[in-house]
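# Fold and contact review
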Amino acid sequence: MTGRATPRSGALFERAQSVTPGGVNSPVRAFSAVGGTPRFIRSARGAWLTDVDGHEYVDLICSWGPMLLGHAHPEVLEAINEAVARGTSYGTPTEPEVLLAEEIVARTPVEKVRFVSSGTEATMSAIRLARGFTGRDVVIKFAGCYHGHVDALLASAGSGLATLAVPGTPGVPASAAGETIVLPYNDRAAVTAAFAEHGDRIACLITEATPGNMGVVPPEPGFNGFLAQTCRDHGALFISDEVMTGFRATREGGWGLDGAVEGWTPDLMTFGKVMGGGFPAAAFGGRADVMGRLAPEGPVYQAGTLSGNPIATTAGLATLRLATPEVYAALSATADTIIGAVVDALTAAGVPHAVQRAGTMFSVFFRDGAVSDFAGASTQDTAAFAAFFHAMLDAGVYLPPSAFESWFVSAAHDERAVATVLDALPIAAQAAAKASA
Ligand SMILES: Cc1ncc(COP(=O)(O)O)c(C=O)c1O
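Residues numbered from 1 in each chain as written. Predicted model: local features only at pLDDT ≥ 70, side-chain atom pairs only at ≥ 80, totals over all residues. Heavy atoms only, no water.

Operational definition: UniProt positions are given in the numbering used here, feature names are shortened, and annotations may be inferred rather than shown by experiment.
Looking at an unreviewed UniProt entry, one finds the chain named Glutamate-1-semialdehyde 2,1-aminomutase and attributed to Nocardioides currus. UniProt annotates the chain under Pathway (unreviewed entry) with the comment "Porphyrin-containing compound metabolism; protoporphyrin-IX biosynthesis; 5-aminolevulinate from L-glutamyl-tRNA(Glu): step 2/2." Listed under Subcellular location (unreviewed entry) in UniProt, the entry text for the chain is "Cytoplasm".

### Regarding the UniProt feature "modified residue: N6-(pyridoxal phosphate)lysine" (unreviewed entry) in the chain
For clarity, the threshold we go by: Each residue is placed in one exposure class: buried if its accessible area under a 1.4 Å probe, protein chains only, is under 20% of its type's maximum, exposed if it is over 50%, and partly exposed if it falls in between. Throughout, a contact is declared for two residues whenever any of their heavy atoms are within 4.5 Å. Pairs of N or O atoms are called polar contacts if they sit within 3.5 Å, as long as, within protein, a hydrogen donor faces a hydrogen acceptor (for residues adjacent in sequence, only side-chain-to-side-chain pairs).
UniProt feature "modified residue: N6-(pyridoxal phosphate)lysine" (unreviewed entry): in the numbering of this structure it lies at Lys273. A relative accessible area of 24% means that lysine 273 is categorised as partly exposed. Filtering out sequence-adjacent residues up to four positions away, lysine 273 remains in contact with Trp64, Gly65, Pro66, Val243, Met244, Gly278 and Ala281. Here tryptophan 64 takes part through its backbone oxygen, which lies 2.9 Å from a polar atom of the side chain of lysine 273.

### Observations regarding the site of the ligand
The condition that has to hold: We call a residue near a molecule or strand whenever a single non-hydrogen atom of that residue lies within 4 Å of it. Each accessible area value is a Shrake-Rupley result obtained with a 1.4 Å probe; residue values ignore everything except the protein chains displayed when judging cover. Charged residues are taken to be Asp, Glu, Lys and Arg, nonpolar residues to be Ala, Val, Leu, Ile, Met, Phe, Trp, Tyr, Cys and Pro, and polar residues to be all remaining types, Gly included.
In the vicinity of the ligand, the residues found are Ser118, Gly119, Thr120, Tyr146, His147, Gly148, Glu208, Asn213, Asp241, Val243, Met244 and Lys273. Aspartate 241 is positioned with one of its side-chain polar atoms (N or O) 2.6 Å from a nitrogen atom of the ligand. At 3.0 Å from an oxygen atom of the ligand is found a side-chain nitrogen or oxygen belonging to lysine 273. Against a free-state accessible area of 390 Å², the protein chains account for coverage of 81% of the ligand. When its residues are assigned to classes, the shell around the ligand shows three nonpolar, six polar and three charged.

### Points about the state of the cysteines
This is how it is decided: Note that a disulfide, as used here, is simply two cysteine sulfur atoms within 2.5 Å.
Applying the stated criterion across every chain, the model contains zero disulfides. There is no disulfide at cysteine 145, and the cysteine sulfur nearest it, in cysteine 204, is 13 Å away. Relative accessible area serves as the criterion here: at 5%, cysteine 145 is assigned to the buried category.

### Here's the deal with the domain arrangement of the chain
You'll often see interface size given as the accessible area lost when the parts meet. Threshold: As annotated, the domain borders come from an automatic or database domain assignment. A carboxyl oxygen of Asp or Glu within 4 Å of a side-chain nitrogen of Lys or Arg is what we treat as a salt bridge. Numbering of helices and strands runs from the N terminus; a helix is a DSSP stretch of H or I covering at least four residues, while a strand is a stretch of E covering at least two.
What the domain assignment reports for the chain is domain 1 (7-68 + 325-436) and domain 2 (74-322). Measuring from the centre of the C-alpha atoms in domain 1 to the corresponding centre in domain 2 gives 26 Å. Residue-level contacts link 28 residues of domain 1 with 27 residues of domain 2. In this structure, the connection of domain 1 to domain 2 is made through zero salt bridges. Linking domain 1 with domain 2 are 12 residue pairs in polar contact (both at pLDDT 80 or more), by the criterion used here. Mapped by element, the contributors of at least two residues to the side of domain 1 that touches domain 2 are α11 (325-349), β12 (354-358), β13 (361-365) and α12 (374-377). Tallying contributions element by element places β13 first for the side of domain 1 that touches domain 2, with four residues. Its residues assigned to classes, the side of domain 1 that touches domain 2 comprises 18 nonpolar, seven polar and three charged.

Quick look at the structure:
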(Lines give C-alpha, C1' and ligand atoms only; values in the text may rest on other atoms or scores of the structure.)
Protein backbone atom coordinates (compact mmCIF):
# COMPACT_ATOMS: atom_id res chain seq x y z
CA MET A 1 0.00 0.00 0.00
CA THR A 2 3.01 2.27 -0.42
CA GLY A 3 2.79 3.24 -4.08
CA ARG A 4 2.77 6.78 -5.37
CA ALA A 5 3.04 9.68 -2.95
CA THR A 6 -0.28 11.45 -2.52
CA PRO A 7 0.38 14.30 -0.07
CA ARG A 8 -2.29 16.61 -1.46
CA SER A 9 -5.01 13.96 -1.35
CA GLY A 10 -3.85 13.11 2.17
CA ALA A 11 -4.04 16.73 3.32
CA LEU A 12 -7.44 17.27 1.74
CA PHE A 13 -8.75 14.06 3.29
CA GLU A 14 -7.67 15.25 6.72
CA ARG A 15 -9.36 18.62 6.25
CA ALA A 16 -12.45 16.91 4.82
CA GLN A 17 -12.73 14.66 7.85
CA SER A 18 -12.90 17.63 10.18
CA VAL A 19 -15.86 19.16 8.31
CA THR A 20 -17.64 16.15 6.76
CA PRO A 21 -18.48 12.77 8.34
CA GLY A 22 -15.77 10.35 7.20
CA GLY A 23 -14.44 13.04 4.87
CA VAL A 24 -16.77 12.04 2.03
CA ASN A 25 -20.25 12.79 0.75
CA SER A 26 -21.11 9.18 -0.05
CA PRO A 27 -19.72 6.40 2.16
CA VAL A 28 -18.15 4.05 -0.38
CA ARG A 29 -15.79 6.79 -1.62
CA ALA A 30 -13.96 6.66 1.72
CA PHE A 31 -11.92 3.47 1.08
CA SER A 32 -13.28 1.98 4.34
CA ALA A 33 -13.35 -1.49 2.78
CA VAL A 34 -9.82 -1.36 1.37
CA GLY A 35 -7.98 1.04 3.69
CA GLY A 36 -5.82 3.99 2.69
CA THR A 37 -6.53 7.47 1.40
CA PRO A 38 -9.09 8.14 -1.29
CA ARG A 39 -7.64 10.09 -4.19
CA PHE A 40 -9.10 13.55 -4.59
CA ILE A 41 -9.71 14.03 -8.30
CA ARG A 42 -9.00 17.36 -9.90
CA SER A 43 -10.11 16.66 -13.45
CA ALA A 44 -11.14 13.93 -15.84
CA ARG A 45 -11.03 13.47 -19.59
CA GLY A 46 -11.97 10.46 -21.65
CA ALA A 47 -11.03 7.30 -19.73
CA TRP A 48 -8.65 9.11 -17.39
CA LEU A 49 -8.82 10.73 -13.97
CA THR A 50 -6.13 13.11 -12.71
CA ASP A 51 -5.74 13.52 -8.96
CA VAL A 52 -4.66 16.61 -7.04
CA ASP A 53 -1.09 15.21 -6.82
CA GLY A 54 -0.91 14.98 -10.61
CA HIS A 55 -1.21 11.18 -10.95
CA GLU A 56 -3.30 9.73 -13.76
CA TYR A 57 -5.61 6.74 -13.45
CA VAL A 58 -7.65 4.72 -15.90
CA ASP A 59 -11.15 5.15 -14.53
CA LEU A 60 -13.09 1.90 -13.99
CA ILE A 61 -15.66 3.62 -11.73
CA CYS A 62 -17.00 6.07 -14.32
CA SER A 63 -18.75 8.02 -11.53
CA TRP A 64 -20.41 4.72 -10.48
CA GLY A 65 -21.95 4.27 -13.90
CA PRO A 66 -23.01 7.57 -15.46
CA MET A 67 -19.98 8.31 -17.67
CA LEU A 68 -20.90 5.93 -20.48
CA LEU A 69 -19.13 8.08 -23.09
CA GLY A 70 -16.15 8.90 -20.91
CA HIS A 71 -15.38 12.19 -19.19
CA ALA A 72 -15.75 15.62 -20.76
CA HIS A 73 -17.06 14.31 -24.06
CA PRO A 74 -16.75 17.33 -26.41
CA GLU A 75 -20.30 17.14 -27.79
CA VAL A 76 -21.84 16.69 -24.36
CA LEU A 77 -19.78 19.63 -23.05
CA GLU A 78 -20.90 21.77 -25.97
CA ALA A 79 -24.56 21.01 -25.28
CA ILE A 80 -24.07 21.75 -21.58
CA ASN A 81 -22.24 25.02 -22.23
CA GLU A 82 -24.97 26.21 -24.59
CA ALA A 83 -27.61 25.32 -22.00
CA VAL A 84 -25.74 27.00 -19.13
CA ALA A 85 -25.48 30.20 -21.16
CA ARG A 86 -29.28 30.32 -21.23
CA GLY A 87 -29.57 30.12 -17.42
CA THR A 88 -29.39 27.20 -15.02
CA SER A 89 -32.89 26.66 -13.61
CA TYR A 90 -36.29 28.20 -14.27
CA GLY A 91 -38.83 26.21 -12.26
CA THR A 92 -41.02 25.97 -15.36
CA PRO A 93 -41.44 23.25 -17.97
CA THR A 94 -38.68 23.18 -20.61
CA GLU A 95 -38.07 21.57 -24.00
CA PRO A 96 -35.12 19.32 -22.95
CA GLU A 97 -37.40 17.58 -20.43
CA VAL A 98 -39.81 16.64 -23.20
CA LEU A 99 -37.02 15.47 -25.51
CA LEU A 100 -35.36 13.37 -22.81
CA ALA A 101 -38.69 11.83 -21.76
CA GLU A 102 -39.39 10.96 -25.42
CA GLU A 103 -35.94 9.35 -25.73
CA ILE A 104 -36.55 7.22 -22.62
CA VAL A 105 -40.03 6.21 -23.76
CA ALA A 106 -38.58 5.25 -27.16
CA ARG A 107 -35.87 3.00 -25.65
CA THR A 108 -37.82 1.28 -22.87
CA PRO A 109 -41.31 -0.09 -22.26
CA VAL A 110 -42.36 2.88 -20.06
CA GLU A 111 -45.26 4.94 -21.38
CA LYS A 112 -44.83 7.98 -19.17
CA VAL A 113 -41.93 9.28 -17.16
CA ARG A 114 -41.39 11.75 -14.30
CA PHE A 115 -37.98 13.30 -13.59
CA VAL A 116 -36.39 13.59 -10.15
CA SER A 117 -32.86 14.42 -8.97
CA SER A 118 -31.44 11.13 -7.64
CA GLY A 119 -31.93 7.40 -7.93
CA THR A 120 -33.01 7.34 -4.30
CA GLU A 121 -35.78 9.81 -5.07
CA ALA A 122 -36.82 7.71 -8.07
CA THR A 123 -37.24 4.47 -6.11
CA MET A 124 -38.85 6.28 -3.15
CA SER A 125 -41.38 7.90 -5.48
CA ALA A 126 -42.04 4.67 -7.40
CA ILE A 127 -42.83 2.88 -4.16
CA ARG A 128 -45.14 5.65 -2.97
CA LEU A 129 -46.91 5.49 -6.32
CA ALA A 130 -47.23 1.69 -6.12
CA ARG A 131 -48.69 1.99 -2.64
CA GLY A 132 -51.05 4.76 -3.73
CA PHE A 133 -52.13 2.78 -6.79
CA THR A 134 -52.75 -0.53 -5.03
CA GLY A 135 -53.91 0.79 -1.64
CA ARG A 136 -51.47 -1.68 -0.02
CA ASP A 137 -48.34 -1.13 2.09
CA VAL A 138 -45.96 -4.10 1.92
CA VAL A 139 -42.87 -3.99 -0.31
CA ILE A 140 -40.72 -6.97 -1.32
CA LYS A 141 -37.04 -6.50 -2.05
CA PHE A 142 -34.06 -8.82 -2.38
CA ALA A 143 -31.05 -9.07 -0.11
CA GLY A 144 -28.03 -7.51 -1.76
CA CYS A 145 -30.08 -5.26 -4.06
CA TYR A 146 -29.48 -1.59 -3.32
CA HIS A 147 -32.17 0.91 -4.26
CA GLY A 148 -30.78 4.06 -2.66
CA HIS A 149 -31.14 5.11 0.96
CA VAL A 150 -34.93 5.00 1.13
CA ASP A 151 -36.07 4.04 4.66
CA ALA A 152 -38.17 1.07 3.58
CA LEU A 153 -35.46 -0.20 1.22
CA LEU A 154 -32.53 -0.20 3.63
CA ALA A 155 -34.06 -3.15 5.42
CA SER A 156 -31.50 -5.94 5.35
CA ALA A 157 -32.04 -9.64 5.00
CA GLY A 158 -32.96 -11.86 7.88
CA SER A 159 -32.31 -15.53 7.39
CA GLY A 160 -35.18 -17.82 6.54
CA LEU A 161 -37.72 -17.89 3.77
CA ALA A 162 -39.59 -14.61 3.99
CA THR A 163 -38.47 -12.58 6.92
CA LEU A 164 -40.22 -9.39 7.91
CA ALA A 165 -37.09 -7.31 8.13
CA VAL A 166 -35.54 -5.38 10.95
CA PRO A 167 -34.04 -1.97 10.12
CA GLY A 168 -30.62 -2.29 8.46
CA THR A 169 -29.40 1.01 9.85
CA PRO A 170 -30.09 3.16 12.92
CA GLY A 171 -32.52 5.94 12.05
CA VAL A 172 -34.95 3.79 10.09
CA PRO A 173 -38.14 3.38 12.12
CA ALA A 174 -39.15 -0.21 12.76
CA SER A 175 -42.52 0.72 11.26
CA ALA A 176 -40.88 1.63 7.91
CA ALA A 177 -38.73 -1.50 7.76
CA GLY A 178 -41.57 -3.64 9.09
CA GLU A 179 -43.49 -3.16 5.86
CA THR A 180 -40.56 -4.61 3.87
CA ILE A 181 -40.04 -8.29 3.16
CA VAL A 182 -36.46 -9.20 2.21
CA LEU A 183 -35.92 -12.37 0.17
CA PRO A 184 -32.85 -14.16 -1.19
CA TYR A 185 -32.16 -13.23 -4.81
CA ASN A 186 -32.90 -15.77 -7.54
CA ASP A 187 -35.05 -17.78 -5.13
CA ARG A 188 -38.40 -18.50 -6.79
CA ALA A 189 -39.66 -20.63 -3.91
CA ALA A 190 -39.11 -17.76 -1.46
CA VAL A 191 -41.05 -15.38 -3.73
CA THR A 192 -43.91 -17.83 -4.13
CA ALA A 193 -44.07 -18.41 -0.37
CA ALA A 194 -44.03 -14.68 0.44
CA PHE A 195 -46.89 -14.00 -1.97
CA ALA A 196 -48.83 -17.00 -0.64
CA GLU A 197 -48.59 -15.63 2.89
CA HIS A 198 -48.86 -11.86 2.35
CA GLY A 199 -50.25 -11.59 -1.22
CA ASP A 200 -53.18 -9.27 -0.53
CA ARG A 201 -50.96 -6.84 1.41
CA ILE A 202 -48.15 -6.57 -1.14
CA ALA A 203 -48.07 -3.26 -3.03
CA CYS A 204 -44.99 -4.03 -5.10
CA LEU A 205 -41.86 -6.04 -5.58
CA ILE A 206 -38.75 -4.03 -6.42
CA THR A 207 -35.60 -5.57 -7.86
CA GLU A 208 -32.53 -4.39 -9.70
CA ALA A 209 -33.04 -5.36 -13.34
CA THR A 210 -29.81 -7.26 -13.03
CA PRO A 211 -28.14 -6.65 -9.68
CA GLY A 212 -24.88 -4.73 -9.69
CA ASN A 213 -24.73 -3.68 -6.06
CA MET A 214 -23.51 -6.99 -4.61
CA GLY A 215 -21.18 -7.32 -7.54
CA VAL A 216 -22.86 -8.33 -10.77
CA VAL A 217 -25.30 -11.17 -10.10
CA PRO A 218 -27.45 -11.79 -13.18
CA PRO A 219 -30.98 -13.14 -12.76
CA GLU A 220 -31.28 -16.82 -13.56
CA PRO A 221 -32.99 -17.32 -16.95
CA GLY A 222 -36.66 -16.38 -16.70
CA PHE A 223 -36.41 -15.03 -13.13
CA ASN A 224 -37.52 -11.46 -13.92
CA GLY A 225 -40.37 -12.71 -16.11
CA PHE A 226 -41.46 -14.97 -13.24
CA LEU A 227 -41.43 -11.95 -10.89
CA ALA A 228 -43.52 -9.90 -13.32
CA GLN A 229 -46.07 -12.70 -13.64
CA THR A 230 -46.23 -13.40 -9.91
CA CYS A 231 -46.88 -9.72 -9.20
CA ARG A 232 -49.61 -9.62 -11.83
CA ASP A 233 -51.25 -12.76 -10.39
CA HIS A 234 -51.51 -11.04 -7.00
CA GLY A 235 -52.44 -7.50 -8.07
CA ALA A 236 -49.04 -6.14 -6.99
CA LEU A 237 -46.79 -3.94 -9.15
CA PHE A 238 -43.43 -5.09 -10.48
CA ILE A 239 -40.80 -2.34 -10.20
CA SER A 240 -37.58 -2.86 -12.10
CA ASP A 241 -34.85 -0.60 -10.75
CA GLU A 242 -32.65 0.39 -13.68
CA VAL A 243 -30.82 3.25 -11.98
CA MET A 244 -27.53 1.42 -12.56
CA THR A 245 -28.35 -0.77 -15.56
CA GLY A 246 -30.50 1.73 -17.48
CA PHE A 247 -28.90 2.67 -20.84
CA ARG A 248 -25.72 1.02 -19.49
CA ALA A 249 -26.03 -2.79 -19.49
CA THR A 250 -27.41 -2.51 -23.03
CA ARG A 251 -28.97 0.28 -25.10
CA GLU A 252 -32.33 -0.71 -23.56
CA GLY A 253 -30.79 -1.27 -20.13
CA GLY A 254 -31.13 -4.50 -18.15
CA TRP A 255 -34.57 -4.97 -19.74
CA GLY A 256 -32.79 -5.37 -23.07
CA LEU A 257 -31.20 -8.58 -21.76
CA ASP A 258 -34.43 -10.39 -20.90
CA GLY A 259 -37.77 -8.49 -21.00
CA ALA A 260 -37.24 -7.25 -24.55
CA VAL A 261 -36.48 -10.83 -25.63
CA GLU A 262 -39.06 -12.68 -23.54
CA GLY A 263 -41.86 -10.16 -24.06
CA TRP A 264 -42.79 -8.92 -20.59
CA THR A 265 -42.71 -5.39 -19.20
CA PRO A 266 -42.36 -4.04 -15.67
CA ASP A 267 -45.23 -1.92 -14.32
CA LEU A 268 -42.77 0.74 -13.17
CA MET A 269 -39.09 1.34 -13.85
CA THR A 270 -36.56 3.65 -12.24
CA PHE A 271 -33.61 5.29 -13.99
CA GLY A 272 -30.63 7.45 -13.05
CA LYS A 273 -26.88 7.65 -13.67
CA VAL A 274 -26.39 7.50 -17.50
CA MET A 275 -29.61 9.43 -18.24
CA GLY A 276 -28.23 12.40 -16.28
CA GLY A 277 -25.00 12.61 -18.29
CA GLY A 278 -23.01 13.23 -15.09
CA PHE A 279 -25.56 15.58 -13.49
CA PRO A 280 -28.04 14.86 -10.68
CA ALA A 281 -30.96 13.55 -12.71
CA ALA A 282 -33.06 10.43 -12.37
CA ALA A 283 -36.55 9.30 -13.31
CA PHE A 284 -39.31 6.83 -12.72
CA GLY A 285 -41.84 5.77 -15.31
CA GLY A 286 -44.16 3.02 -16.40
CA ARG A 287 -47.73 2.14 -17.34
CA ALA A 288 -49.78 5.21 -18.27
CA ASP A 289 -52.63 4.22 -15.94
CA VAL A 290 -50.25 3.90 -12.97
CA MET A 291 -48.34 7.10 -13.77
CA GLY A 292 -51.72 8.81 -14.17
CA ARG A 293 -52.22 8.49 -10.39
CA LEU A 294 -49.41 11.03 -9.85
CA ALA A 295 -50.12 14.69 -9.05
CA PRO A 296 -51.28 16.82 -10.80
CA GLU A 297 -53.23 14.17 -12.79
CA GLY A 298 -53.94 12.02 -9.76
CA PRO A 299 -53.84 12.14 -5.96
CA VAL A 300 -50.36 10.68 -5.23
CA TYR A 301 -48.13 13.65 -4.39
CA GLN A 302 -44.58 13.93 -5.71
CA ALA A 303 -42.61 17.07 -6.59
CA GLY A 304 -39.13 18.62 -6.83
CA THR A 305 -37.69 22.15 -7.11
CA LEU A 306 -34.88 21.04 -9.45
CA SER A 307 -36.65 18.06 -11.07
CA GLY A 308 -36.01 18.00 -14.82
CA ASN A 309 -33.35 20.68 -14.44
CA PRO A 310 -32.51 22.07 -17.90
CA ILE A 311 -28.74 21.49 -17.64
CA ALA A 312 -29.14 17.93 -16.33
CA THR A 313 -31.73 16.98 -18.92
CA THR A 314 -29.62 18.56 -21.69
CA ALA A 315 -26.56 16.55 -20.59
CA GLY A 316 -28.64 13.37 -20.35
CA LEU A 317 -30.19 13.89 -23.76
CA ALA A 318 -26.82 14.56 -25.40
CA THR A 319 -25.42 11.42 -23.77
CA LEU A 320 -28.28 9.18 -24.82
CA ARG A 321 -28.28 10.53 -28.38
CA LEU A 322 -24.56 9.74 -28.66
CA ALA A 323 -25.04 6.28 -27.12
CA THR A 324 -25.53 4.44 -30.41
CA PRO A 325 -25.51 0.67 -30.95
CA GLU A 326 -21.86 1.07 -32.02
CA VAL A 327 -21.01 2.55 -28.62
CA TYR A 328 -22.54 -0.44 -26.81
CA ALA A 329 -20.68 -2.82 -29.12
CA ALA A 330 -17.41 -1.04 -28.29
CA LEU A 331 -18.15 -1.16 -24.54
CA SER A 332 -18.88 -4.84 -24.82
CA ALA A 333 -15.61 -5.50 -26.66
CA THR A 334 -13.68 -3.56 -24.00
CA ALA A 335 -15.41 -5.58 -21.29
CA ASP A 336 -14.46 -8.81 -23.13
CA THR A 337 -10.79 -7.79 -23.26
CA ILE A 338 -10.56 -6.76 -19.61
CA ILE A 339 -12.49 -9.81 -18.40
CA GLY A 340 -10.22 -12.15 -20.38
CA ALA A 341 -7.12 -10.53 -18.92
CA VAL A 342 -8.50 -10.57 -15.35
CA VAL A 343 -9.26 -14.27 -15.63
CA ASP A 344 -5.80 -15.00 -17.08
CA ALA A 345 -3.98 -12.99 -14.41
CA LEU A 346 -5.92 -14.38 -11.43
CA THR A 347 -5.68 -17.93 -12.78
CA ALA A 348 -1.92 -17.61 -13.29
CA ALA A 349 -1.52 -16.29 -9.74
CA GLY A 350 -3.71 -19.06 -8.31
CA VAL A 351 -6.30 -16.63 -6.89
CA PRO A 352 -9.84 -18.06 -6.62
CA HIS A 353 -12.21 -15.91 -8.65
CA ALA A 354 -15.49 -15.75 -10.55
CA VAL A 355 -16.15 -13.02 -13.11
CA GLN A 356 -19.82 -12.27 -13.75
CA ARG A 357 -21.34 -10.08 -16.37
CA ALA A 358 -24.58 -8.42 -17.48
CA GLY A 359 -24.21 -6.76 -20.87
CA THR A 360 -21.41 -4.23 -20.58
CA MET A 361 -21.29 -4.43 -16.74
CA PHE A 362 -19.12 -6.98 -14.95
CA SER A 363 -17.45 -7.65 -11.64
CA VAL A 364 -14.90 -9.97 -10.12
CA PHE A 365 -15.74 -12.09 -7.09
CA PHE A 366 -12.71 -13.15 -5.09
CA ARG A 367 -13.99 -16.67 -4.45
CA ASP A 368 -14.49 -19.91 -6.31
CA GLY A 369 -17.73 -20.61 -8.14
CA ALA A 370 -20.60 -18.61 -9.59
CA VAL A 371 -22.54 -16.28 -7.27
CA SER A 372 -26.33 -16.25 -7.43
CA ASP A 373 -27.27 -14.28 -4.31
CA PHE A 374 -25.99 -12.05 -1.53
CA ALA A 375 -25.04 -14.94 0.75
CA GLY A 376 -22.71 -16.16 -2.00
CA ALA A 377 -21.33 -12.69 -2.68
CA SER A 378 -20.55 -12.30 1.02
CA THR A 379 -18.12 -15.23 1.08
CA GLN A 380 -15.41 -13.36 -0.84
CA ASP A 381 -11.81 -12.98 0.22
CA THR A 382 -12.01 -9.24 0.87
CA ALA A 383 -8.37 -9.10 2.03
CA ALA A 384 -7.30 -10.42 -1.37
CA PHE A 385 -9.48 -7.81 -3.05
CA ALA A 386 -8.01 -4.98 -0.94
CA ALA A 387 -4.47 -5.97 -1.94
CA PHE A 388 -5.53 -6.30 -5.58
CA PHE A 389 -7.26 -2.91 -5.47
CA HIS A 390 -4.22 -1.09 -4.09
CA ALA A 391 -1.82 -2.72 -6.53
CA MET A 392 -4.09 -1.62 -9.38
CA LEU A 393 -4.29 1.90 -7.95
CA ASP A 394 -0.51 2.09 -7.65
CA ALA A 395 -0.26 1.00 -11.27
CA GLY A 396 -2.67 3.75 -12.34
CA VAL A 397 -6.06 2.01 -12.44
CA TYR A 398 -8.89 3.30 -10.23
CA LEU A 399 -11.26 0.42 -9.44
CA PRO A 400 -14.37 0.73 -7.27
CA PRO A 401 -12.96 0.50 -3.72
CA SER A 402 -15.14 -2.47 -2.72
CA ALA A 403 -15.40 -6.11 -3.71
CA PHE A 404 -19.18 -5.68 -3.98
CA GLU A 405 -19.32 -3.25 -6.89
CA SER A 406 -19.61 -3.46 -10.63
CA TRP A 407 -16.69 -2.28 -12.75
CA PHE A 408 -17.64 0.28 -15.39
CA VAL A 409 -16.02 0.97 -18.75
CA SER A 410 -16.74 3.80 -21.17
CA ALA A 411 -16.61 4.39 -24.89
CA ALA A 412 -13.46 6.43 -24.23
CA HIS A 413 -11.51 3.40 -22.96
CA ASP A 414 -9.15 3.26 -25.90
CA GLU A 415 -6.11 1.04 -26.54
CA ARG A 416 -3.84 3.06 -24.24
CA ALA A 417 -6.30 2.89 -21.35
CA VAL A 418 -6.96 -0.83 -21.82
CA ALA A 419 -3.22 -1.54 -22.15
CA THR A 420 -2.64 0.20 -18.79
CA VAL A 421 -5.26 -2.06 -17.19
CA LEU A 422 -3.78 -5.17 -18.82
CA ASP A 423 -0.25 -4.28 -17.68
CA ALA A 424 -1.43 -3.75 -14.10
CA LEU A 425 -3.37 -7.00 -13.74
CA PRO A 426 -0.54 -9.57 -13.32
CA ILE A 427 1.11 -7.50 -10.55
CA ALA A 428 -2.22 -6.97 -8.80
CA ALA A 429 -3.03 -10.68 -9.08
CA GLN A 430 0.28 -11.49 -7.38
CA ALA A 431 -0.53 -9.03 -4.60
CA ALA A 432 -3.94 -10.68 -4.15
CA ALA A 433 -2.31 -14.12 -4.01
CA LYS A 434 0.09 -12.93 -1.33
CA ALA A 435 -2.72 -11.39 0.75
CA SER A 436 -4.87 -14.48 0.63
CA ALA A 437 -2.02 -16.90 1.36
C1 LIG B 1 -29.87 0.14 -8.58
C2 LIG B 1 -29.77 1.44 -7.85
N3 LIG B 1 -30.89 2.04 -7.42
C4 LIG B 1 -30.84 3.23 -6.78
C5 LIG B 1 -29.64 3.86 -6.52
C6 LIG B 1 -29.62 5.17 -5.81
O7 LIG B 1 -29.25 6.18 -6.69
P8 LIG B 1 -28.62 7.55 -6.11
O9 LIG B 1 -27.28 7.22 -5.58
O10 LIG B 1 -28.61 8.46 -7.31
O11 LIG B 1 -29.56 8.04 -5.05
C12 LIG B 1 -28.45 3.26 -6.95
C13 LIG B 1 -27.15 3.89 -6.68
O14 LIG B 1 -26.11 3.34 -6.88
C15 LIG B 1 -28.52 2.02 -7.63
O16 LIG B 1 -27.41 1.40 -8.06
